[in-house]
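These are the residues of each chain, in order.
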Amino acid sequence: MRGALALGLLALWPGALLAEAGAETPAERLYGLMRLPELVDTLRQEGLRMSGQLARDYLEPQRVPSFTDMAARIYRADRMEAILRAEFLDGLEGVAPWQLEHLLAFYDSEQAQGIVRSELATRRAFLDETVEAEAELEAESARVSDPALYEAVGEYIAAGDLIEMNLGGTLTANYNFYQGLVDGGGYALSQEEMLSDVWQQEEATREDAELWLRAFLTRAYRDLPEPVMADYIALMQSPEGQRLNAALFDAFGALYNQTYRALGLSVSSLMTGEDL
């Protein structure tokens with residue numbers, strides 16, 4: 001699970017931001033401005049690649065085609081987008097109108113749209129493992145070649161507590177995968193055994209999260225002017241930025257948790273010879 005990279009009922013906003021029936025709510029508009037629906041296809045491709053590795057790790061070769069079909073259904077773009085959208089909107093419920101106005105004003109600006117375009121393009125590019133490996137080297141070399149960018153990326157990561165947030169999300173998703181395996185009857189593990197196995201992954205997962213975040217953010221933000229990057233960090237540090245960050249992580253967490261549990265159930269069903 002990567003990043004935030006990350007993101008219920010429709011939110012209703014009082015006062016001047018109250019939407020008329022059938023109109024787009026401010027939260028829905030923010031969802032669109034952040035272009036989250038476009039991210040789903042990349043997440044889908046990442047997931048299908050990861051599920052191929054799962055099949056090789058857990059299943060006999062003759063079971064792999066069946067699991068591939070199951071994974072394709074789990075990673076349907078419409079299913080993923082529906083979960084992400086609903087959870088994101090639910091996560092913004094209760095945000096103060098002035099905070100939402102500030103977020104909308106930022107993301108409706110040309111500089112923010114440039115950031116979003118770069119983030120989406122970088123995430124797509126990372127589907128190529130060679131590109132990701134090159135970005136990891138660039139991120140480390142930026143410590144010397146571009147110390148201002150290196151420091152800014154570190155400040156952004158710290159502002160959003162991104163390493164720990166990604167760590168928690170990854171470990172929770174992995175726990176849900178094990179839960180699916182157990183619930184489907186393919187494995188007999190106690191809660192203590194599942195938790196122990198997940199926590200054994202903590203340090204390696206934290207290191208992987210930091211490496212990936214540094215690579216992704218350095219590649220995505222390397223061409224941003226320093227004032228634009230400073231504005232983005234300031235937004236992340238603000239109360240409304242913190243609420244947005246939490247809503248994103250909750251939304252992506254819900255998506256990954258449901259997805260990983262479904263993958264666990266699918267693997268388990270093929271181990272036991274049952275169809276889901």
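Refer to the structure printed above.
Residues numbered from 1 in each chain as written. Predicted model: local features only at pLDDT ≥ 70, side-chain atom pairs only at ≥ 80, totals over all residues. Heavy atoms only, no water.

1. Looking at the overall build of the chain
- Counting secondary structure elements, the chain contains 13 helices and 0 strands.
- Its C-alpha atoms give the chain a radius of gyration of 20 Å, within 12% of the compact-globule value 19 Å for 276 residues.
- When the backbone C-alpha atoms are referred to their principal axes, the chain occupies close to 55 × 55 × 30 Å.
- Taking all 276 residues of the chain together, the buried fraction comes to 48%.
- Summed over all atoms, the accessible surface of the chain reaches about 13,100 Å², with 53% contributed by carbon and sulfur.
- Averaged over its 21 positive side-chain charges, the chain has a centre that lies 5 Å from the centre of its 46 negative ones. (Helix = DSSP H or I, 4+ residues; strand = E, 2+ residues; numbered from the N terminus. Rg over C-alpha atoms; globule rule 2.2 N^0.38 Å. Buried < 20%, exposed > 50% of the residue type's maximum accessible area, 1.4 Å probe, protein only. Areas by Shrake-Rupley, 256 points an atom, 1.4 Å probe, with all protein chains shown as cover. Lys, Arg positive; Asp, Glu negative; His and termini not counted. Charge placed at Lys NZ, Arg CZ, Asp CG, Glu CD.)

2. What to know about unusual backbone geometry
- In this structure, R35 takes a positive phi of about 55° despite not being glycine.
- Positionally, R35 belongs in the loop between α1 (26-33) and α2 (36-58).
- Residue D161 is not a glycine yet carries a positive backbone phi of 50°.
- One can find D161 in the loop between α8 (147-159) and α9 (162-183).
- By relative accessible area, which is 40% here, D161 ends up partly exposed.

3. So, the packing of aromatic side chains
- Under the criterion given, the structure shown has 13 aromatic pairs.
- Ring geometry for F177 versus Y178: centroids 6.1 Å apart, planes at 50°, classification tilted.
- Arranged with centres 5.8 Å apart and planes meeting at 85°, the rings of Y221 and Y232 form a pair that is edge-to-face. In this pair, Y221 is assigned in helix α11 (residues 202-221) and Y232 in helix α12 (residues 226-237), connecting sequence segments 11 residues apart. (Phe/Tyr/Trp six-rings, centres within 6.5 Å; stacked < 30°, edge-to-face > 60°.)

4. Structural notes on α9
- A rise of 1.5 Å per residue sets the reference length of α9, with its 22 residues, at 32 Å; its end C-alpha atoms lie 31 Å apart and thus fit the reference within 8%.
- Most of α9 is tucked away, with 16 of its 22 residues classed as buried.
- Phi turns positive, to about 85°, at G185, one or two residues after α9. (Expected span 1.5 Å × (residues − 1).)

5. Describing the packing of α8 against α11
- Direction vectors running N to C along α8 and α11 enclose 120°, while the axes themselves pass 10 Å from each other. Considering the angle they form, α8 stands oblique to α11. Crossing handedness for the pair α8 and α11: right-handed. Contacts between α8 and α11 pair L149, Y150, V153, G154, Y156 and I157 from the former with L213, R214, L217, T218 and Y221 from the latter.
- By residue class, the composition of the contact of α8 with α11 is 8 nonpolar, 2 polar and 1 charged. (Axes fitted to C-alpha atoms, helices over the stretch in contact; angles between N-to-C directions. Parallel < 35°, antiparallel > 145°, perpendicular 65-115°, else oblique. Left-handed = near helix turned anticlockwise from the far one by under 90°. Contact = heavy atoms within 4.5 Å. Nonpolar A, V, L, I, M, F, W, Y, C, P; charged D, E, K, R; others polar.)

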